[in-house]
Amino acid sequence: TWHLKKIPQIVRERTFSLDSPKFEARTKLELNSVCGIECQRKLPVPSLSDLKNLLSYETVFENGTRTLTEVNVLGAVLDPAANTTTRRPLRKKRQIYGTDSRFSIYDKKFMTNFPFNTAVKISTGCSGILVSPKHVLTAAHCLHNGKDYVKGSKRLRVGLMKTKSRGNGRKRKGAKRNGLPSFQWTRVKSTHIPKGWFKGVSGDIALDYDYAVLELKRPHKRKYMELGISPTIKMMPGSMIHFSGFDNDRSGLLVYRFCSISDESNDLFYQYCDAEPGSTGSGIYLRLKEPNKKKWKRKIIAVYSGHQWVDINGEQQDYNVAVRITPLKYAQICFWIHGNDGNCTQG
């Protein structure tokens, strides 16, 4: 069941104008030397002033201007107990673990129906997921390398899969014979990234804050996926997660996969879902029962951060990592979507 949780409040305190970014960083879909699960276990619980700093955010607008918004956090529960598990499978250094278990979706009917039609393509080479009539959730490192915004993010666009071909109903020559979806590209009006992602704030790249929300210039009129609070592994059916994205090695195709989670920290899931660059930024979802109803509902509980090399006992090991939607992150993403916290009190 989806458990309702009391959500902390994120309240806007002050907004400042900043210099325009340079937009000179290179997009890097694989990150090195980030704080791994061993390192995560040793991190101190952030204080309230840490949280206010980490959850303050930058907004970049379509015209290249940039602001910093400082926030206050009300009603946050600072939990010192890390909910980590002890399962430790052996790791092999690759992104496809054993037999490749990804499914390419060729069927137009599946591709353009819920939940697959909530997956979108980001013009910097990542994936994302629709979370409101005009907002997309993706990974922060698709847009910013911790120091500067990536080159392609200046004129950022989002590709939504087209449901029907234009014209008199006939397919365009050669366009659909190979099963590739075509995209309707929409400009991005503004981008929000939490300050916790920036190198100067956390000392190093903090994967915990590898998420961003894009606001589209115009609403898309499609079904989107709601946000949910990420349960612990024990509370998931078969500890299974699902996500779809546009993996680079299957050019243009929507690729779906599901797998179980191997390990977790308070903010991250470590798993071996087969994935290649391109699917970074996909929304990871679960299907659970609505409380006191017979209905099942899919909700996004994490953002796929991609294939990362992490330091474990001085050695580089690899994982496929996802950023969990905790009550605090739920409050922040919901605040970005609605512009107030009134709609964000129940997760």
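Quick notes on the rules
Residues numbered from 1 in each chain as written. Predicted model: local features only at pLDDT ≥ 70, side-chain atom pairs only at ≥ 80, totals over all residues. Heavy atoms only, no water. UniProt positions renumbered as here; feature names shortened; annotations may be inferred. Helix = DSSP H or I, 4+ residues; strand = E, 2+ residues; numbered from the N terminus. Buried < 20%, exposed > 50% of the residue type's maximum accessible area, 1.4 Å probe, protein only. Contact = heavy atoms within 4.5 Å. Areas by Shrake-Rupley, 256 points an atom, 1.4 Å probe, with all protein chains shown as cover. Core = buried A, V, L, I, M, F, W, Y, C linked by side-chain atoms within 4.5 Å. Arc of directions from axis to C-beta. Pairing = 2+ DSSP bridges. 1 Å grid on protein atoms, 1.4 Å probe; cavity = no way out; pocket = protein on both sides within 12 Å on 5 of 7 lines; lining within 4 Å. Points joined across faces, edges and corners; volume = space filled by probe spheres on them. Salt bridge = Lys/Arg side-chain N within 4 Å of Asp/Glu carboxyl O. Disulfide = S-S within 2.5 Å.

- Per an unreviewed UniProt entry, the protein chain carries the name Inactive serine protease 35 and comes from Leiothrix lutea.
- Its UniProt record gives the protein chain the following Sequence similarities (unreviewed entry) comment, quoted word for word: "Belongs to the peptidase S1 family."

Some details on the overall build of the protein chain
In step 1: For the protein chain, the helix and strand inventory stands at 5 helices and 18 strands.
In step 2: Looking at the protein chain as a whole, 54% of its 347 residues are labelled buried.
In step 3: Partitioning the intrachain contacts of the protein chain with sequence separation of at least 6 by distance along the chain shows that 75% fall at a separation of at least 24.
In step 4: For the protein chain, the accessible surface area stands at approximately 16,200 Å², while carbon and sulfur atoms represent 50% of it.

Digging into the nonpolar core
In step 1: Counting 68 residues, the largest nonpolar core has Leu55, Leu137 and Val158 as the members making the most contacts within it.
In step 2: If one sorts the elements of this core by residue count, helix α5 (residues 327–338) sits on top with 8 residues.
In step 3: For Leu55, the contacting residues outside a window of four places in its chain are Ile10, Val71, Val73, Tyr209, Tyr211, Leu328 and Gln332.
In step 4: In this structure, Trp2, Ile261, Phe269 and Ala322 belong to the second largest nonpolar core, which totals 17 residues.

Quick look at helix α2 (residues 48–55)
In step 1: Of the residues making up α2, those classed as buried are Leu51, Leu54 and Leu55. All buried residues of α2 project into a common sector of 85 degrees when viewed along the axis, lining one side.

Side note on the pairing of strand β15 (residues 268–271)
In regular strands, side chains alternate between the two faces of the sheet.
In step 1: Residues Leu268 and Tyr270 point to one face of β15 and Phe269 and Gln271 to the other, with burial holding for every one of them.
In step 2: In this structure, the hairpin formed by strand β14 (residues 254–264) and β15 is closed by a connection of 3 residues.

Remarks on empty space enclosed by the protein
Rolled over the atoms, a probe sized like a water molecule indicates the empty space that remains.
In step 1: Inspection of every chain in the model, using the stated rule, returns 3 cavities of 30 Å³ or more.
In step 2: Considering only enclosed or pocket space, the largest cavity measures out at about 120 Å³ in volume.
In step 3: What lines the largest cavity is a set of 15 residues, among which Phe61, Ser153, Lys154, Leu156 and Thr191 lie closest to the centre.
In step 4: Where the lining of the largest cavity is concerned, the elements lending two or more residues are β3 (57–61) and β10 (183–194).
In step 5: Among the elements that take part in the lining of the largest cavity, β10 stands out by supplying 5 residues, more than any other.

Observations concerning the environment of Arg257
In step 1: Summarising the element assignment, Arg257 is placed in strand β14.
In step 2: C-alpha of Arg257 to C-alpha of Ile241: the two residues are 16 residues apart in sequence and 8.5 Å apart in space.

As for the pattern of salt bridges
In step 1: In total, this model carries 8 salt bridges according to the counting rule given.
In step 2: When the shortest N-O distance is used, the salt bridge between Glu215 and Lys189 registers 3.6 Å. Here the residue Glu215 occupies a position in strand β11 (residues 212–216), and Lys189 occupies one in strand β10, the gap between them amounting to 26 residues.
In step 3: What emerges from the salt-bridge pattern is a single network uniting Glu62, Arg187 and Lys217.

Concerning the state of the cysteines
In step 1: Taken as a whole, this structure holds 1 disulfide when the rule is applied.
In step 2: The disulfide that involves Cys126 links it to Cys142, with 2.1 Å between the sulfurs. Disulfide Cys126-Cys142: torsion about the S-S bond near -95 degrees, hence left-handed. In this pair, Cys126 sits in the loop between β6 (119–122) and β7 (127–132) while Cys142 sits in the loop between β8 (135–138) and β9 (157–161), placing the two residues 16 residues apart along the sequence. No difference in accessibility class separates Cys126 from Cys142, as the two residues are buried.

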